[in-house]
Amino acid sequence: MKGNSYLSRKIHSLLGVIPLSLFIVEHMLTNFAAVEGGPQGFKDSVNFLNGLPLVFFLELFGIWLPLLFHGVYGLYIAYQSNLNTGQYQYGRNWAFTLQRISGVITFIFVVWHLYQTRYQVMVGNVTHDELGGVMNGIANNPVFFIFYIIGVVSAVFHFSNGMWAFLVSWGITVGPRAQRISSYIWMAVFVIVTAMFLMSLGAFRGDEFKETASAALAWANLV
């Protein structure tokens, strides 16, 4: 049983690096196109991704299935974790606790975000070209806007701190100095990627994105 648990945790760790990294980078670049290029830039970025050869299978086997395993097994790990920050209040223990909490928040956020965007496209309620309008409705809803800020910060922290832990657990950063340097690097990644996501979310609030919306978006945005 212990051997199976060890193997499962190693697979969980490895799959967290692959799909979550791809998911974060893909979304960061796609959404930041809204900052740099406005509605047309965002639309072009979305169309580029959906125009890739075999994009469905690339996302299914490269992101969604690994991410599903990582998320579900991560919930199991979080449920079993002994969060003892009150007893041992030091930096890495707080990071351990926040990693579990942020993982749960990220799982909920990703599922809800996919429902509001990818699922609505899949069932035909909106088109890829209308996703900018969908995001405009989400970003201008106070409840969803706050939820998205919390979700984005949680997801990027989970990714950044998880990468630090991955490098340690897989024996890549060995020793206090290497781990300290790694922590500085991933802290910088957390700040930069979070800022880019929040800038994108702010861009979606602009009136220019509202013009890309259609009558179907009110239902899709649940507003």
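You'll find the structure just up there.
Residues numbered from 1 in each chain as written. Predicted model: local features only at pLDDT ≥ 70, side-chain atom pairs only at ≥ 80, totals over all residues. Heavy atoms only, no water.

The full count for this structure, using the stated rule, is 16 aromatic pairs. Residues Phe159 and Trp186 carry aromatic rings whose centres are separated by 5.9 Å and whose planes lie at 85° to one another, so their mutual orientation is edge-to-face. Of this pair, Phe159 sits in helix α6 (residues 142-169) while Trp186 sits in helix α7 (residues 176-204), and the two are 27 residues apart along the sequence. Across the pair, exposure class does not vary: Phe159 and Trp186 are buried alike. Feature note: the residues Trp112, Tyr115, Tyr119 and Phe144 constitute an aromatic cluster, connected by ring pairs. In this structure, Arg205 is placed above the aromatic ring of Phe145, and the distance from its NZ or CZ to the ring centre is 4.4 Å. (Phe/Tyr/Trp six-rings, centres within 6.5 Å; stacked < 30°, edge-to-face > 60°. Helix = DSSP H or I, 4+ residues; strand = E, 2+ residues; numbered from the N terminus. Buried < 20%, exposed > 50% of the residue type's maximum accessible area, 1.4 Å probe, protein only. Lys NZ or Arg CZ within 6 Å of the ring centre and 35° of its normal.)

Between its terminal C-alpha atoms α6 stretches 40 Å, which fits the 40 Å expected from 28 residues at 1.5 Å a residue. The opening residue of α6 is Asn141, an N-cap whose side-chain oxygen sits 3.0 Å from the backbone nitrogen of Val143. Trailing α6 by a residue or two, Gly171 shows a phi angle of about 70°, which is positive. (Expected span 1.5 Å × (residues − 1). Polar contact = N/O pair within 3.5 Å; in protein donor to acceptor, adjacent residues only side chain to side chain.)

Further remarks concern the packing of α6 against α7. Relative orientation of the contacting elements α6 and α7 amounts to 160°, with a least axis distance of 9 Å. The orientation of α6 with respect to α7, classified from their angle, is roughly antiparallel. The handedness of the crossing between α6 and α7 comes out as right-handed. For the contact of α6 with α7, the per-class residue count stands at 19 nonpolar, 5 polar and no charged. (Axes fitted to C-alpha atoms, helices over the stretch in contact; angles between N-to-C directions. Parallel < 35°, antiparallel > 145°, perpendicular 65-115°, else oblique. Left-handed = near helix turned anticlockwise from the far one by under 90°. Nonpolar A, V, L, I, M, F, W, Y, C, P; charged D, E, K, R; others polar.)

Turning to the side chain of Ser182, a few remarks are in order. Structurally, Ser182 can be placed in helix α7. If we skip the residues at most four places from it in the chain, Ser182 touches Trp164, Leu167 and Thr173. (Contact = heavy atoms within 4.5 Å.)

The next subject is a nonpolar patch on the surface. Together, Phe48, Leu52, Leu54, Phe56, Phe57, Leu58, Phe61, Leu65, Leu68 and Val72 make up an exposed nonpolar region whose accessible area comes to about 1000 Å². With 7 residues, the single largest contributor to the nonpolar patch is helix α2 (residues 55-80). (Patch = residues over 30% accessible without salt bridge, like charges linked within 9 Å, V, L, I, M, F, W, Y side chains within 5 Å. Areas by Shrake-Rupley, 256 points an atom, 1.4 Å probe, with all protein chains shown as cover. Salt bridge = Lys/Arg side-chain N within 4 Å of Asp/Glu carboxyl O.)

Take the pattern of salt bridges next. One pass over the full model with this rule turns up 2 salt bridges. The salt bridge partner of Glu59 is Arg118, with a shortest N-O separation of 2.9 Å. One end of the pair, Glu59, is in helix α2; the other, Arg118, is in helix α4 (residues 118-122), with 59 residues separating them in the sequence. For Arg118, a relative accessible area of 28% gives the class partly exposed.

Geometric descriptors of this kind do not, in isolation, establish any biological role.
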